[in-house]
Amino acid sequence: MNRKEEMLVRKIKEGIVIDHIKPGKGIEILSILRNHLKGRAVLLHRASSRRMGVKDMLKIEFGLSSEKDLELVALFSPNATINWIKDWEVVRKEEAKLPEEVRELLRCPNPRCITNDEREREFITTVFRLDGPAYVCRYCGARISIDEIPDYINLKV
Amino acid sequence: MKNKSITSALEISKQDALKIFQLADKIKMGKVPKLKGKIALLFFEPSTRTFFSFYSAALLTGLTPIGFQSIEGTSVKKGESLIDTVRMFLGYGADCIVMRHPRAGAPLYIAERIDKPVINAGDDSREHPTQGLLDVYTIRERFGKIDGLRIGILGDLRYGRTPSSLAYLLSHWDTELVFIAPPLLQIDKRNDGMEMILRERDVKYEKREEVRVEDLDVLYVTRIQRERFPDEREYLKVRGAYRITRELLNRAKKDMIVMHPLPRVDELSPEVDRDERAWYFRQAENGLYVRAALFSLILGGWK
C-alpha cells in the first residue's frame, strides 16, 4: 500500500488484517466474517500491491469474537495472508490454509447428490473433506478441484 | 456387525465379508437363524429383484417386512421429506431400514440421523453394496477362492452402481480387474471418485475398450442404457459391440463364468443361458442367502 492509500485507510492499533486478497474476493470474505466482527471493519478494494499489482485488503478492528471462519479465507483467496495486530505491530502472520473440512459453504457439483435434492436440502448440510488436490463430498463422493472452488461456493451475501 | 449400517461397500471389512459368506453358506444348506423384528423396505425407485430378495430374506429369517416397492401411492408423492417418511416407519417399530433412493448419498444421510441400522439397496449411480456382496459370494462359491482371479467388469461402468461396490469389495483380495467399456462409459468418467479410491487401495486394474474375454476368469456384464447416449447411432454401435454371445464365449476360458446383476435387456443373448458358464441366475438366487445372513448379523447379533 502506498502512502496515499494509507491516508485513505489508516492503520489499526489492534485487530486482524487480511492482506493479499484476490481482487474482488474481499467482499465475500467480509460477508462470511461479518457475524463475528468485534469492532469496525474496512474493506480496501483494488489497492495497489507490489506483489500482485492490485489486491483487496480487509482490516478488522479488535478482531473477531470467533476465529473459526478464518479458516475459510483460503477458499476465496488461496494466497491471502492473515496478520494479527497489537499496539500497531504485527504480532503473528499466517498464510491462509485450506481447511480439512468445509461444512455448508460448498455446494455439491453432482446434481444427483442428496444435498442437491430440492426437498431434502433444508434438512441436510453439505460436508466436504480435503483429499489431496480436491474437496470430496461426504455423501456422493463428487470432487471439487481446488481451482473449481469459486464455482461451488454457496454464498448468501 | 450388530446394528451396523451398510451404506457403502467401502465400510465392509474383509473380516465382515467373510463372516457374511460363512453364514450365507449355512443358510443355503438350510440352517436358518430365527430372528424377531421388523424390516422397513423403502424403495423410492422401482425394483423387483432387490426388493423381493430382501423381502424373501426377511420372511426366511422370521422378520416382518413392511414398506413400499415404489413411491406410487405414498405420501412421498405429496412432497413428504425422506427423513419424515423414515421416522414414520421407525414409529411403526422398524428395527432396520433398507432403502433404495434416486439420490446419491441418501442412505448415509438417513443413517446419520437415526439410531437404527440402514442398508443401502442402491443410491443413484453410486453404490449397491449388498449386490457387491452377493457377487463376490458367487465368485467364491464357484472358484472356492477369490485371490488370483482376473475379473472383467463390462458395460456401463460410468453410471452403473454395481461395478463400484463390486470393485471396492474385491479390493480386499489379490485380484486383477479389467474394466471393459467404451471410453464414454469408463470408470474415469464417474463422478464419485471410484478410480481414485481404487488407486488408494492399490487395486490392480486395467481399462479396455475392446471386448476381449480370453484372459478372464469372471465376466461381469452390466446393462448399457440408451438414455446415456447423446446420439442414437453411437448407442447402437456400442450396443452391438458389447453384446455377449455364444460366439464370444467360444473364445473364453472353459471354466470362466458369466455374471450379470440383472435385469438384462439385450447385452446378454438368451443363447448364453444354455452355456454352463452362465451363472447369473444362481447369482441372483444367492442374493437371498447373503441378505438373510446380513440381517442375522446386523439384527440378531450373530457372530
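Analysis parameters
- Residues numbered from 1 in each chain as written.
- Chains lettered and ligands numbered in written order.
- Predicted model: local features only at pLDDT ≥ 70, side-chain atom pairs only at ≥ 80, totals over all residues.
- Heavy atoms only, no water.
- Contact = heavy atoms within 4.5 Å.
- Buried area = accessible area lost by both parts, 1.4 Å probe.
- Salt bridge = Lys/Arg side-chain N within 4 Å of Asp/Glu carboxyl O.
- Polar contact = N/O pair within 3.5 Å; in protein donor to acceptor, adjacent residues only side chain to side chain.
- Nonpolar A, V, L, I, M, F, W, Y, C, P; charged D, E, K, R; others polar.
- Pairing = 2+ DSSP bridges.
- Helix = DSSP H or I, 4+ residues; strand = E, 2+ residues; numbered from the N terminus.
- Axes fitted to C-alpha atoms, helices over the stretch in contact; angles between N-to-C directions.
- Buried < 20%, exposed > 50% of the residue type's maximum accessible area, 1.4 Å probe, protein only.
- Parallel < 35°, antiparallel > 145°, perpendicular 65-115°, else oblique.
- Left-handed = near helix turned anticlockwise from the far one by under 90°.
- 1 Å grid on protein atoms, 1.4 Å probe; cavity = no way out; pocket = protein on both sides within 12 Å on 5 of 7 lines; lining within 4 Å.
- Points joined across faces, edges and corners; volume = space filled by probe spheres on them.
- Patch = residues over 30% accessible without salt bridge, like charges linked within 9 Å, V, L, I, M, F, W, Y side chains within 5 Å.
- Areas by Shrake-Rupley, 256 points an atom, 1.4 Å probe, with all protein chains shown as cover.
- Expected span 1.5 Å × (residues − 1).

Asks: So what about the interface of chain A and chain B? Which residues, and what values?
Replies: Facing 20 residues of chain A, the contacting portion of chain B comprises 23 residues. Summed over both sides, the interface of chain A with chain B buries roughly 1,700 Å², with 44% coming from carbon and sulfur. Where chain A packs against chain B, one counts three salt bridges. A:Asp117 is paired through a salt bridge with B:Arg103; the nearest N and O atoms lie 3.0 Å apart. Viewed at the interface, chain B and chain A are joined by 16 residue pairs in polar contact (both at pLDDT 80 or more). Here the side of chain A that touches chain B is built from residues that sort into eight nonpolar, four polar and eight charged.

Asks: How would you sum up the sheet that holds strand 2 (residues 64-68) of chain B? Please name residues and give values.
Replies: Each strand in a sheet pairs with another by means of backbone hydrogen bonds, the pair being arranged parallel or else antiparallel. Residues and elements named next belong to chain B. Spatial ordering of the open sheet is given by 2-1-3-4, a layout of four strands whose pairing is parallel. Both edges of this open sheet fall to strand 2 and strand 4 (118-123), since each of them pairs with a single strand only. Strand after strand, the sheet turns through a mean of 15° between neighbouring axes, direction not considered. When strand 1 (residues 38-43) meets strand 2, the two strands line up parallel, connected through five bridges. From the neighbouring strand, Leu-41 faces strand 2, where its bridge partner is Gly-67.

Asks: An account of the side chain of B:Ser125 is needed here, citing residue identities and associated values.
Replies: All names here are of chain B. With respect to the element layout, Ser-125 can be found in the loop between strand 4 and helix 5 (129-143). Of the residues examined, Ser-125 reaches a relative accessible area of 11% and is grouped as buried. Apart from residues lying up to four places away in sequence, Ser-125 is in contact with Tyr-159, Gly-160, Arg-161, Arg-190 and Asp-192.

Asks: Please set out the sheet that holds strand 7 (residues 127-131) of chain A residue by residue, giving values where relevant.
Replies: Residue and element names in this part refer to chain A. Taken in spatial order, the four strands line up as 6-7-8-9 in an open sheet, and their pairing is antiparallel. The sheet is open, and its two edges are formed by strand 6 (101-103) and strand 9 (143-145), each paired on a single side. Each neighbouring strand pair of the sheet contributes to a mean axis angle of 25°, computed without reference to strand direction. Pairing between strand 8 (residues 134-137) and strand 9: three bridges, direction antiparallel. Pairing of Val-136 across the sheet is with Arg-143, part of strand 9.

Asks: Give me the lowdown on the packing of helix 1 (residues 14-28) of chain B against helix 5 of chain B, citing residues and values where you can.
Replies: Residue and element names in this part refer to chain B. Following both chains from N to C, one finds helix 1 and helix 5 inclined at 70°, their axes separated by 11 Å at the closest point. With respect to each other, helix 1 and helix 5 are oriented roughly perpendicular. For the crossing formed where helix 1 meets helix 5, the hand is right-handed. On helix 5, the residues touching Ala-17, Ile-20, Phe-21, Gln-22, Ala-24, Asp-25 and Lys-28 of helix 1 are Leu-133, Val-136, Tyr-137, Arg-140 and Glu-141.

Asks: Before we move on, can you summarise the layout of surface pockets with the specific residues and values?
Replies: There is about 840 Å³ of room inside the largest pocket. Lining the largest pocket are 32 residues, and of these B:Glu45, B:Asp124, B:Arg161, B:Arg223 and B:Gln225 lie nearest its centre.

Asks: Break down empty space enclosed by the protein for me, citing the residues and quoting the values.
Replies: Counted by the stated rule, this structure contains two cavities of 30 Å³ or more. Approximately 60 Å³ is the volume found for the largest cavity. Along its surface, the largest cavity is lined by B:Ile224, B:Tyr235, B:Arg239, B:Tyr242, B:Arg243, B:Asp266 and B:Glu267. A volume near 30 Å³ is recorded for the second largest cavity. In terms of lining residues, the second largest cavity is bounded by A:Asn110, A:Cys140, B:Ala104, B:Asp124, B:Ser125, B:Arg126, B:Asn191 and B:Asp192. When the residues that make up the lining of the second largest cavity are grouped by side-chain class, the tally is two nonpolar, three polar and three charged.

Asks: Got a sec to walk through a nonpolar patch on the surface? Specific residues and values, please.
Replies: A surface patch of nonpolar side chains, amounting to about 270 Å² of accessible area, comprises B:Phe52, B:Tyr55 and B:Leu59. Topologically, B:Tyr55 is positioned in helix 2 (residues 49-60).

Asks: Describe in detail helix 2 of chain B, supporting the description with residues and values.
Replies: Residues and elements named next belong to chain B. With twelve residues, helix 2 should cover 16 Å at 1.5 Å per step; its first-to-last C-alpha distance of 16 Å lies within 8% of that length. Along helix 2, the residues that are buried comprise Thr-50, Phe-51, Ser-53, Phe-54, Ala-57 and Ala-58. Elements in contact with the buried residues of helix 2: strand 1, strand 2, strand 3 (96-101), strand 4, helix 5 and helix 10 (280-299). Remark: Gly-62 follows helix 2 within two positions and exhibits a positive phi of approximately 90°.

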